[in-house]
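# Descriptive analysis of the structure
What follows is each chain in one-letter form.
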Amino acid sequence: MVNLKNDDITPSETKGFPKEKSSAGKLKIFFGAAPGAGKTFAMLKAAKERLEEGVNVVLGNVNSHGQPAVENYLSDFKVFLLRAAFQKERLIEEFDLDSVLALPPDLILLDDLAHINAPGSRHKKRWQDIDELLRAGIDVYTTLDVLHLESQKDLIFQISGKRVYDSVPDTLLERADEIQLVDIPPDDLLKRLEQRKINVSDWTEEEIEKFFRPGVLLALRELALRQAAEKLDDQMRRYRSQQEITTVWPATERLLVCVGPNPRSDRLIRATRRMAAGLRAPWLAVHVEAPALVRPSSQDLLRLEEHMRLAESLGAETVTLHGNRADEAILDFARARNVNRIIIGKPTHPRWKDRIFGSLLDAIVRGSEDIEVYVITGDVPQKEKPPTGARYLLTRPFKEWLFSILSVVGCFALASIVAPYLVSADLVMIFLLGIVLVAGKYGRGPSLLATLLSIGLFDFFFVPPFHTFAVHDPAYIVTFGVMFVVAHVISRLTYRVKDQADAALQRERRTAALYSLSRDLVHERSLPDVARIAKKHISEALSYRTKILFPGPSRHLIPLDPCSDETQLDDVEQRAADWAFQNCKSAGSGTDTHSQAKGLFLPLLAASGPVGVIGLWKDGLFARLSSEQMRLLNSLADQTAQALERVQLAEEAQKALLLAEREQLRNTLLSSVSHDLRTPLAVITGAGTTLLRNESLLDEENRRDLVQTIVEEADHLNRLIRNIMDMMRLEAGGISVTREWQSLEEIVGGVINRMTGQFEDHNLEIDLPSDLPLIPCDGLLIAQVLRNLLENAVKHTPPQTPLVLSGSKGEKEVVISIADQGKGIPAEDVERIFEKFVRGKNTRGGAGLGLAICKGIVAAHGGRIWAENQAEGGAVFSFTLPVEPLTHPIELESEGKNHDQ
Amino acid sequence: MTSDKEMILLIEDEFQMRRFLRVTLQSQGYRLIETQNGEEGLAQAATRQPDVILLDLGLPDMDGLEVTERLREWTNIPIIIISAREQERDKVRALDAGADDYLTKPFGSDELLARIRVSIRHSTREKAGQESPVFQTGNLLVDFSRRQVTLAGKEIHLTPIEYRLLTTLIRYADRVVTHNQLLREVWGPQQTNQVQYLRVYMAQLRQKLEDDPARPCFLINEPGIGYRFKTDADKG
């Protein structure tokens, strides 16, 4: 018995191997050739060892298939099995990903990597579950047969005749941190089959008979050993490169496979994948969209999509090229990407076609120069025939045939009229004109009909002997031939031109969609706007209903646009959207994850990570997006993601700026506070201590002076603090304007009443018209403005000069002005006097905040404030307050009517 | 001398403030009970039955508003609120809840003593139950029995609402009356959010009663709070 385990060779070294991500879990695959090799048993044995080491091992889904040896082991995990079973009733059938992720254990055992999950699970396939577990940092032990490898599918079918549907991507085997080969000689395996120790419950009798034969098993065993060896080789290489052993590995290889709609292309793809894996080379799958004579059928297109998707799932970079000539496009691309091997399928069409139309294979081989070209066979016969001639003819619209006939009839009529005056060669030209017209317009079918009709009519009526189809002069045969060739060539050219035009139109549309999206997104500054525009453009470009979702407060994604509230996400869609966001992969309908969701969810990936998710819906059945649509969608999503990220960054920058400004203000305030508050405090302290200590030395007048000083300075201090507080509140955005209908006269009265003492030295004149309307404003705040302006005027003007407070009514605003007859404002200060910390020269005290506060309050009311110097001397400070008509006009009671009792 | 003067309950947590008030009030002959928090204040108010309560809005244990409400559950002892400037809205709420007047820090001793005198005067008048049929201040004379208002000997014609507004203010003379209080008493309880009515009628009243409406002598506006009818009663 050969028992080759790769961890026999590198048991400790493997642990040193770098994981893909330091935080990702480790994947160990117990790998075998065929069912029944004892993989599950080996896995349990290994897990038990880990269990004994004290590792938290959980049984995910391990089926004993009724084998006592395995069941014995399962009983060792009894605790975990029970616990797991307790958590989810169906755990044995379908393990529950969410509860495992919630636990989470160190290691989980999941039998059968190729398992297809029951409908309704998060992922279609178990390997996707495992992928997610690994990303969550959980180690996984699993089992796999070589026959389930995607790249081996064809070989398996060739060897055993078994079609494998539940295959897994080879990349999984590649990314496994360890694989352990579980090998068993075919004879032993067959013996076990006889003893019914192998679970083949879902196999048909015929399959078992065909599959469990020594020849097949030997071949499979060889395949498995080869895969294991490749993996070992890979590990060895990684080990070497890690130990910095200078390598002799060849320069980077790059493979390119030409993919078409032909059904055998998938074999080509798998073969390339195997080759690429052997060479450890990146590979590209290329399809050329060349203008063809006949448009590819929708079936062909679908198959092509499938092939491209297969290639992608096998790790290829897929590219669609556009060009007139496929060979040139492929070779140019291959050179551009440094491809050194091209893989192409053997031609299946008859040789004469190559002779006439040229051979792609031939062209590539000839043009390949230093690139190696591999021609690989495909032996699956082409089962589906292209539409037959009859069907092809029928598919053309009736209009085209009619046009064809009518144009020939027209030509015939013209020819009949001019026949007496012209030679027959000229008449041919007239018919040719008709043919060219039809060929140019409708292509092959109608032009062929026109040609036949024309030849018929010409022969019958204008070629002697007349009124028969017989031809005497052989020169006419040449004429007919020329007519055929002309018709064919022109119709072909027409098609090519049309196709190129179509392709150009499609590209144009894609470019236009992208361009208009990016153009519209450029100017948007808010997330909802970007979302709205992206939604509009994506819906238009793909004719799908679109929703842009953003992470909400509870880690769930929520639509930002309130207008689409009529369609809330249902549970499945919500889960799909969340998953797409968290895993940065698309989910939902048409994907392998949460595929039962009605919509498709595409993460919006920006440089810094996912910013949101696009949801797409189609009424009725969700048609799978073509790769063309997918590409367009991806480009649009990229644009949107970038725009969203830009907006987010801009918002963050704005916040940072605000914060910096606030910080700046705080600093200035601090320095201002420390200076401006200390002066009055010093005076108060000085005066107070003098009074306290030297009371006996002071006469009555001195004592009064000191007390007066204390009171005045305290008042000054009070004003300063009031201003600082107001400024802080204004800056913090904490000032709330409580608008009420206020009478200006009342506010002025209140202010003057409070300030009575301060106007002793000034003559304040108040000039308010009696018909001033009520103003919607915050009385306290406007009183503050008036008070600051009046205090300012008193402070900055010499005693005994008059002050005038006046108000006037404009159309939409009331203007309030305070004029003084002082020295006025220095010219350089007029503009900046309302800025923070700007003080007039030669003034004492004040933090330079009073006017800034006025400005803030007036602005909060939607008014303006300004200062100017009067021609006759003195300054005027004015501000406006907007006036609106009263919401409820006040009905004044009629005089004399007495409502009192 | 101290025994016959009124008793004042001070509810104030700041020591310096209490010291200032103690010196000022005792020098005027008032008897003083000092408490430092709401609970203590409520207890003292119940046991000692003071004539006036000075209540600081910012107390450590409870909101001044709450103290006002709990006092008003059982007593009409005049309450004068002492508040900082940032507490404008609280002040109005406390006044609406039944406080009689307010002082904004910082305030001078004149202002404080005037408020206390007004409050005491009002409460003694209420206790005596005597309402003079005629009210006079300066050159303004209101004859309640004849519903007649004369200014400097000339009869002033007032509309019913204006008259009601004036008499309400006179009833609380020298004390602040909040907007809500006025609206409720003049227009009825359903009109309390229509401050603009008040403004218009007050403007009319000022036009009729004041020499210079922008510098009123009687009808003083207390911005954000209400109105105060100022008399010359305290000048003596």
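Values in this document were obtained by computation on a predicted structure and should not be read as measured data.

The rules behind the values
- Residues numbered from 1 in each chain as written.
- Chains lettered and ligands numbered in written order.
- Predicted model: local features only at pLDDT ≥ 70, side-chain atom pairs only at ≥ 80, totals over all residues.
- Helix = DSSP H or I, 4+ residues; strand = E, 2+ residues; numbered from the N terminus.
- Buried ≥ 20, exposed ≤ 12 C-beta atoms within 10 Å, placed from the backbone.
- Contact = placed C-beta atoms within 7 Å.
- Pairing = 2+ DSSP bridges.
- Nonpolar A, V, L, I, M, F, W, Y, C, P; charged D, E, K, R; others polar.
- Axes fitted to C-alpha atoms, helices over the stretch in contact; angles between N-to-C directions.
- Core = buried A, V, L, I, M, F, W, Y, C linked by C-beta atoms within 7 Å.
- Expected span 1.5 Å × (residues − 1).
- pLDDT = per-residue confidence, 0-100.
- Parallel < 35°, antiparallel > 145°, perpendicular 65-115°, else oblique.
- Left-handed = near helix turned anticlockwise from the far one by under 90°.

Another point: the overall build of chain A. In terms of helices and strands, chain A carries 29 helices and 22 strands. When each of the 901 residues of chain A is scored for burial, the buried share is 35%. Of all intrachain contacts in chain A linking residues separated by at least 6 positions in sequence, the fraction that spans at least 24 positions is 71%.

Take the overall build of chain B next. The number of helices and strands found in chain B is eight helices and 12 strands. With 236 residues in all, chain B has 37% of them scored as buried.

Now for the pairing of strand β15 (residues 609-617) of chain A. Residues and elements named next belong to chain A. By the bridge criterion, five bridges tie strand β11 (residues 545-551) to β15 in an arrangement that is antiparallel. Directly across from L549, in β15, lies its bridge partner V613. Counted between consecutive antiparallel strands, the loop separating strand β14 (residues 600-606) from β15 contains two residues.

Another point: the interface of chain B and chain A. In this assembly, 24 residues from chain B lie in contact with 29 residues from chain A. Breaking the side of chain B that touches chain A down by element, the ones donating at least two residues are α6 (160-171), α8 (195-209) and β11 (219-222) of chain B. Among the elements that line the side of chain B that touches chain A, the one with the most residues is α8(B), at eight residues. Partitioning the side of chain B that touches chain A into residue classes produces 13 nonpolar, five polar and six charged.

Before going further, it helps to examine the sheet that holds strand β4 (residues 139-145) of chain A. Residue and element names in this part refer to chain A. Taken together, five strands build an open sheet; the order of strands is β2-β3-β4-β1-β5 and the sheet is parallel. The open sheet has two edge strands with one neighbour each: β2 (57-61) and β5 (178-181). The sheet shows a mean angle of 20° between the axes of neighbouring strands, taken without regard to direction. In this structure, strand β1 (residues 27-32) lies alongside β5, joined through four bridges in parallel fashion. Pairing of F30 across the sheet is with Q180, part of β5. Contacts from helix α3 (residues 39-52) reach β1, β2, β3 (107-110), β4 and β5 within the one sheet, and its direction differs from that of β4 by about 165°. Sheet contacts for helix α7 (residues 126-135): β1, β3 and β4; angle to β4, the most-contacted strand, approximately 155°.

Residues and elements named next belong to chain A. If you look at the biggest cluster of nonpolar residues, it comprises 54 residues, and the most contacted ones within it are I29, F31, I108, L109, V140 and L220. Considering each element in turn, this core owes the most residues, six residues, to helix α12 (residues 214-242). The residues touching I108, leaving out its near neighbours within four places in the chain, are V58, G60, V100, L133, I138 and V140.

Another aspect to go through is the sheet that holds strand β8 (residues 317-322) of chain A. Residue and element names in this part refer to chain A. The strand order across the open sheet formed by five strands is β8-β7-β6-β9-β10, and the pairing between neighbours is parallel. Looking at which strands have only one partner, the edges of the open sheet turn out to be β8 and β10 (372-376). Across this sheet, the average inter-strand angle for adjacent strands is 25°, counted without regard to direction. With five bridges connecting them, strand β9 (residues 341-345) and β10 associate as parallel partners. From the neighbouring strand, G345 faces β10, where its bridge partner is I376.

Moving on, we come to α3(A). Residue and element names in this part refer to chain A. An ideal rise of 1.5 Å per residue puts 20 Å on 14 residues; α3 measures up with 20 Å between its terminal C-alpha atoms. Buried within α3 we find K39, T40, A42, M43, L44 and A47. After α3 finishes, the residue G54 shows a positive phi value of roughly 100°.

This part covers the pairing of strand β8 (residues 148-151) of chain B. Residue and element names in this part refer to chain B. Relative to β8, strand β7 (residues 140-143) runs antiparallel, the two being bridged by four bridges. Among the inter-strand pairings, L141 is bridged to a residue of β8, identified as T150. Linking two consecutive strands that pair antiparallel, namely β7 and β8, is a turn of four residues; a positive phi of about 55° is found at R147 within it. Sheet topology note: the β8/strand β9 (residues 154-156) ladder contains three bridges and is antiparallel. Bridge pairing links T150 to E155 in β9.

A few words now on the environment of A470(A). Residues and elements named next belong to chain A. Assignment of secondary structure puts A470 in the loop between α21 (444-462) and α22 (475-522). With 11 C-beta atoms counted inside 10 Å, the residue A470 sits in the exposed group. A470 sits 11 residues away from D459 along the chain, and the two C-alpha atoms are 7.6 Å apart.

On to the environment of D187(A). Note on placement: D187(A) falls in helix α10 (residues 186-194). Between the alpha carbons of D187(A) and R213(A) there is a distance of 9.2 Å; along the sequence they are 26 residues apart.

In this section: the confidence of the model for chain A. Residues and elements named next belong to chain A. The share of residues in chain A with pLDDT of 70 or more is 84%, and the mean pLDDT across the chain is 77. Confidence scores differ between elements of chain A, with helix α2 (residues 13-16) showing the lowest mean pLDDT of 37 and strand β22 (residues 875-882) the highest of 92. In the predicted structure, residues 78-92 sits below a pLDDT of 50 and forms 16 contacts with residues beyond four places in sequence or in another chain. Of the regions scoring below 50 in pLDDT, residues 895-901 engages in five contacts with residues more than four places distant in sequence or in other chains.

Another aspect to go through is the packing of α6(B) against helix α7 (residues 179-187) of chain B. Residues and elements named next belong to chain B. Packing of α6 against α7 leaves a shortest axis separation of 10 Å and a crossing angle of 130°. In terms of orientation, α6 lies oblique with respect to α7. Relative to α7, the crossing made by α6 is right-handed. Across from I161, R164, L165 and T168 in α6, the residues of α7 making contact are L182, E185 and V186. Split into classes, the residues belonging to the contact of α6 with α7 amount to four nonpolar, one polar and two charged.

Looking now at unusual backbone geometry. Residues and elements named next belong to chain B. Between K105 and P106 the backbone carries a cis peptide bond, its omega angle lying at -5°. Take P106: it is sitting in the loop between β5 (101-104) and α5 (109-128). The backbone phi angle of A152 is positive, close to 50°, even though this residue is not glycine. Note on A152: 10 C-beta atoms within 10 Å, which makes it exposed. With a phi angle near 70°, D174 is a residue other than glycine that sits in the positive phi range. Its place among the elements puts D174 in the loop between α6 and β10 (176-178).

The next point concerns the packing of α7(B) against α8(B). All names here are of chain B. One way to put it is that α7 packs onto α8 with a least axis distance of 10 Å and a crossing angle of 80°. Classified by the interaxial angle, the pair formed by α7 and α8 is roughly perpendicular. Contacts from H179, L182, L183 and W187 of α7 reach α8 at V195, Y197 and L198. Its residues placed into classes, the contact of α7 with α8 shows six nonpolar, one polar and no charged.

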